[in-house]
Amino acid sequence: MSLPESEIPAAKQLLEAALLSSPEPVSIAQLRHLFEPGLSSDVVRRLLDELQQEWQPRAVELVQVASGWRFQTRPAFQEQIARLNPEKPPRYSRAVLETLAIIAYRQPVTRGDIEEIRGVAVAASVLRTLESRGWVEVLGHREVPGRPALYGTTSTLLDDINLRSLQELPPLTLLTDDVTHSETA
Amino acid sequence: MSLPESEIPAAKQLLEAALLSSPEPVSIAQLRHLFEPGLSSDVVRRLLDELQQEWQPRAVELVQVASGWRFQTRPAFQEQIARLNPEKPPRYSRAVLETLAIIAYRQPVTRGDIEEIRGVAVAASVLRTLESRGWVEVLGHREVPGRPALYGTTSTLLDDINLRSLQELPPLTLLTDDVTHSETA
Amino acid sequence: MELLEVPLAEPIAMVRGEPFVGLPQDLYIPPEALEVFLESFEGPLDLLLYLIRKNSLDILDIPMAELTRQYMAYVDAMHRGRLELAAEYLVMAAVLIEIKSRMLLPRPVVAPADEDLDPRAELMRRLLEYERIKQAAATLDELPRAGREFVVVQTWVDENPGGRLPQVTAHDLQEAWVQVLSRARINQHHRISREQLSVRVHMTRILRRLRGQKFVVFHELFENDATVPVAVVNFIAILELVKESLIKVSQSEACAPLYLSLAETITELPS
């Protein structure tokens, strides 16, 4: 669907807020869901181009990466910003942590298994991050169509989190008794 | 140190980028370190006020919370933005919420104090839920037999509910108005 | 028949599809209803506050006889419903009866204004304090909360120049896993237990052992000093791997040794 001229600024605001607050890149297909009724990919694409232009003079830029669009700090400013909290180590995104947890507790698993458990697609970059850190490795392949790779955790992970074996992973206490998840966000 | 007029836009850009890229609120003391030579707190404060103004018409706002300044989405847009994220925010049981309220308003308190006020035993999982959310922490121990842990709330709690200090907690009230008058809460 | 009425706008419970609004004192009370009713209270103080509100009693001048009578009616109903009654409810019953009996005693003539002499003072103080907290809990829950009413912004920062890598603790993993599970529960039921984890640990170990090798003889997968439970878990892991088509088990003839290989390798058995 196209968009009346008058609604363009509000639509861009919403796109901007959604992208700024998303920890992972967001695809155009996902961004279309922000709107009710949905916008066509072309319209979303045009709005993104305009947003990108508007952010041009700033220290943060809107870029398109493999799995979608995201805001990121321009490289020129990174060093200055890194001065902010030298003592605070960086954190992995929730996608990375949850993927690691699934591999640790459910190994060996395929990417499909992880996606099924998390209920969302797992970006290739997430697995790459864990592999390049040496925490996760391919153990083999499942003999089903597509021969998906089977992931497991390495002893490097255990070393890094100070465990002697996977059995020492914290058991699942039922923290969830006191927390329920509401039906509507 | 003050700032020549010509350098204000660049300084604001840098502040904006630093705040947009930080996962935690950033204090003015930390923000001063972004600049070489450092800026005075007053100058940083004024730049932040201006930035806040400039973001006024957008779906993201710059706010001050307990541990510093941060960008966050405006609540009015939450419903739409939540469409992107399949995850539902947790909803806490009354036991968890009442325990949190007691710790927030009566801190430092022991588990025994909490049980005395609520009139029922407090399950360990309730405190664990609050601790793992980072909302309460052990401040020390009461020097009585058994040395029970003393709980207090964290700045993370204040950050998460958009408050700058415990003083901003809503005042304690009672249902009955005439009682409220005779009470010194 | 006296009804312990619950004048709420909504029924307190649905029993077999029927709205349930009160507890008939002399009739059989469906334990389910009683249980749902009880579960809606956070304890004896909460129940007392409810009775006070329901009867529009003055919390600063509680008619003890009436409040005690009503409270005891609930406690009796719980007894008759053979529900396991939390000890706190019985303790409170004793407190109420004690206050009631002290109020029957003649009051000393001197200094009646002193509040401490009112046997109800402590109960009143506790009820007011609990009510304040109950209200505060509801108010706190309504405050805009990060992740619910708003989202904290964080843009991507490429490779940090300091080259420092994020740290992860075992606790982080547990947290992430609990998150995953609590979300998964909405869609399907994942049964994961300690035992299953150990089976899966063995599965990983076996896959790693087989990697890069054409095959491994079955018994080599069992360490000589393995305890029986470990051997059993290991064996279950092998079966699980076969079931998930991750490994192949082959044998050249009956009673010959079993050979295990990764499902992806082409097995050529030694003749």
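Structure first, text after, so check above.
Residues numbered from 1 in each chain as written. Chains lettered and ligands numbered in written order. Predicted model: local features only at pLDDT ≥ 70, side-chain atom pairs only at ≥ 80, totals over all residues. Heavy atoms only, no water.

Q: What should I look at first to understand the sheet that holds strand β5 (residues 149–153) of chain A in this one?
A: Sheet strands line up and pair through hydrogen bonds in the backbone, either parallel or antiparallel. Residues and elements named next belong to chain A. An order of β3-β5-β4 is seen for the 3 strands of this open sheet, with the pairing classed as antiparallel. Strands at the two margins of the open sheet, each flanked by one partner only, are β3 (109–110) and β4 (136–141). Pairing geometry for β3 and β5, over 2 bridges, is antiparallel. Among the inter-strand pairings, V109 is bridged to a residue of β5, identified as Y151. (Pairing = 2+ DSSP bridges. Helix = DSSP H or I, 4+ residues; strand = E, 2+ residues; numbered from the N terminus.)

Q: Sorry if this is basic, but what is going on with the packing of aromatic side chains here?
A: The description of an aromatic ring pair uses the distance of the two centres, along with the angle that the planes make with each other. If you walk through the whole model with that rule in mind, you get 8 aromatic pairs over all chains. When the centroid spacing of 4.9 Å and the interplanar angle of 80° are considered together, the rings of F215 of chain C and Y259 of chain C count as edge-to-face. A residue pair is termed long-range when its members are at least 10 positions apart, and F215 of chain C in the loop between α7 (194–210) and β5 (216–217) and Y259 of chain C in strand β7 (residues 259–262) qualify at 44 residues. Through a chain of ring-to-ring contacts, three or more aromatic side chains come together here, namely W55 and F71 of chain A together with W55 and F71 of chain B. Between the NZ or CZ atom of R58 of chain A and the centre of the ring of W55 of chain A, over which it lies, the distance is 4.2 Å. (Phe/Tyr/Trp six-rings, centres within 6.5 Å; stacked < 30°, edge-to-face > 60°. Lys NZ or Arg CZ within 6 Å of the ring centre and 35° of its normal.)

Q: When you look at the environment of K12 of chain B in this model, what are you seeing that I'm missing?
A: Residues and elements named next belong to chain B. Considering the arrangement of structural elements, one finds K12 in helix α1 (residues 8–21). Look at K12 and you get buried, because its relative accessible area is 11%. With 35 residues separating them along the chain, K12 and L47 place their C-alpha atoms 6.3 Å apart. Excluding anything up to four places from it in sequence, K12 contacts L47, E50, L51 and E54. A distance of 2.6 Å separates polar atoms of two side chains, one belonging to K12 and the other to E54. (Buried < 20%, exposed > 50% of the residue type's maximum accessible area, 1.4 Å probe, protein only. Contact = heavy atoms within 4.5 Å. Polar contact = N/O pair within 3.5 Å; in protein donor to acceptor, adjacent residues only side chain to side chain.)

Q: Sorry, what's going on with the interface of chain C and chain B here?
A: Note: interface size is frequently given as the accessible area lost on complex formation between the parts. On the chain B side, the residues contacting the 42 residues of chain C number 48 residues. Across the chain C/chain B interface, buried area totals approximately 4100 Å², and carbon plus sulfur atoms make up 59% of it. Sorting the residues of chain C by area buried against chain B places E42, R132 and L140 of chain C first, and these three jointly supply 16% of that buried surface. Inspection of the region where chain C meets chain B yields 5 salt bridges. Among the salt bridges present, the one from E116 of chain B reaches R126 of chain C, with a minimum N-O distance of 3.7 Å. Contributions of two or more residues to the side of chain C that touches chain B are made by α2 (44–54), α5 (121–142) and α6 (170–187) of chain C. Here the element with the most residues in the side of chain C that touches chain B is α5 of chain C; it accounts for 16 residues. Residue composition of the side of chain C that touches chain B, grouped by class: 18 nonpolar, 7 polar and 17 charged. (Buried area = accessible area lost by both parts, 1.4 Å probe. Salt bridge = Lys/Arg side-chain N within 4 Å of Asp/Glu carboxyl O. Nonpolar A, V, L, I, M, F, W, Y, C, P; charged D, E, K, R; others polar.)

Q: Whenever I open this one, the pattern of salt bridges confuses me. Can you help?
A: Pairing is possible between side chains that carry opposite charge, provided their charged atoms lie close to one another. Residues and elements named next belong to chain A. With the rule as written, the count across this model stands at 46 salt bridges over all chains. The partner of E50 in a salt bridge is K12, with the nearest N and O atoms 2.8 Å apart. In this pair, E50 is assigned in helix α3 (residues 41–54) and K12 in helix α1 (residues 8–21), connecting sequence segments 38 residues apart. Residue E50 is classed as partly exposed on the basis of its relative accessible area, which comes to 27%. With a closest N to O distance of 3.8 Å, R45 and D49 form a salt bridge. Here R45 and its partner D49 are both found in helix α3, 4 residues apart, which amounts to about one turn of the helix. Judged by relative accessible area, which is 34%, R45 ranks as partly exposed.

Q: Can you walk me through the side chain of T204 of chain C in this structure?
A: In this fold, T204 of chain C is placed in helix α7. In this structure the side chain of T204 of chain C is engaged in a polar contact, spanning 3.3 Å, whose partner is the side chain of Q107 of chain A. Non-local contacts of T204 of chain C, meaning those with residues more than four positions away in its chain, are made with Q107, P108 and L139 of chain A.

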